[in-house]
Amino acid sequence: MNIMKAIDTFRTPPYMHNCAQAVANHWKVLFENTDIVSEYSPYVGGKAPEGYCGALYAAMQACQSQQEAIKTEFANIVGATHCIDIKRNAKTSCHVCVDTADELVAKYSKLLRGEE
């Protein structure tokens, strides 16, 4: 069985999702909005609210009650939470950010469902 991950739609035809769209679309069952890809299209290149990495922002929105934990863990793994800081200082690729955010949603959504 081939299970897609968020990274599979990130900048990849035919999807061409940005970082926020890739994470949000992968976890769309956790969102109320049915047009999540359109909603998250502007959240790229530091344009997510408060300058957060778009992938991180989507992860925090997917698991709203765990936002602080997700933000902290993301920063520990990636090196920063804001796109500009990730690109300037942490020098982590967007692909790593998408994978990290995807894994954190998997982890924290399980916790919210009481699976771990």
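Rules used throughout
Residues numbered from 1 in each chain as written. Predicted model: local features only at pLDDT ≥ 70, side-chain atom pairs only at ≥ 80, totals over all residues. Heavy atoms only, no water. Axes fitted to C-alpha atoms, helices over the stretch in contact; angles between N-to-C directions. Helix = DSSP H or I, 4+ residues; strand = E, 2+ residues; numbered from the N terminus. Left-handed = near helix turned anticlockwise from the far one by under 90°. Contact = heavy atoms within 4.5 Å. Nonpolar A, V, L, I, M, F, W, Y, C, P; charged D, E, K, R; others polar. Expected span 1.5 Å × (residues − 1). Buried < 20%, exposed > 50% of the residue type's maximum accessible area, 1.4 Å probe, protein only. Arc of directions from axis to C-beta. Phe/Tyr/Trp six-rings, centres within 6.5 Å; stacked < 30°, edge-to-face > 60°.

1. Quick notes on the packing of helix α4 (residues 67–78) against helix α6 (residues 94–112)
Move 1: Following both chains from N to C, one finds α4 and α6 inclined at 145 degrees, their axes separated by 10 Å at the closest point. Judged by the sense of rotation from one axis to the other, the crossing of α4 with α6 is right-handed. Contacts from Ala69, Ile70, Glu73, Phe74, Ile77 and Val78 of α4 reach α6 at Cys97, Thr100, Ala101, Leu104, Lys107 and Tyr108.
Move 2: Along the lines of polarity and charge, the residues of the contact of α4 with α6 split into nine nonpolar, one polar and two charged.

2. Re unusual backbone geometry
Move 1: For the bond from Pro13 to Pro14, the omega torsion is 0 degrees, close enough to zero to count as cis.
Move 2: Assignment of secondary structure puts Pro14 in the segment before α1 (19–26).
Move 3: Phi is positive for Arg11, close to 55 degrees, though the residue is something other than glycine.

3. Some words on α4
Side chains of residues three or four places apart in an α-helix project in the same direction, reflecting 3.6 residues per turn.
Move 1: Taking 1.5 Å per residue as the helical rise, α4 with its 12 residues ought to reach 16 Å, and the 16 Å between its terminal C-alpha atoms agrees with that figure.
Move 2: For α4, the set of buried residues is Ile70, Lys71, Phe74 and Val78. Along the axis of α4, the buried residues cluster in a sector spanning 100 degrees; they form a single face. With respect to the buried face of α4, the exposed residues turned more than 90 degrees away are Glu68 and Asn76.
Move 3: Looking at the packing, one finds that the buried side of α4 touches α3 (54–62), α5 (83–90) and α6.
Move 4: The first or second residue beyond α4 is Gly79, which carries a positive phi of 110 degrees.

4. Points about the packing of aromatic side chains
Move 1: Inspection of the entire model under this criterion finds four aromatic pairs.
Move 2: Seen in terms of ring centroids, Phe31 and Tyr40 are 5.6 Å apart; in terms of plane orientation they differ by 75 degrees. Their pairing is edge-to-face.
Move 3: Exposure remark for Phe31: the relative accessible area of 14% places this residue in the buried category.
Move 4: Under the relative-accessibility criterion, Tyr40 is labelled buried at 2%.
Move 5: Taken together, a centroid distance of 5.2 Å and an interplanar angle of 75 degrees make the contact between Tyr43 and Tyr57 edge-to-face. Pair noted here: Tyr43 is in the loop between α2 (36–39) and α3 and Tyr57 is in helix α3, with a separation of 14 residues, a long-range link.
Move 6: Classification of Tyr43 as buried rests on a relative accessible area of 17%.

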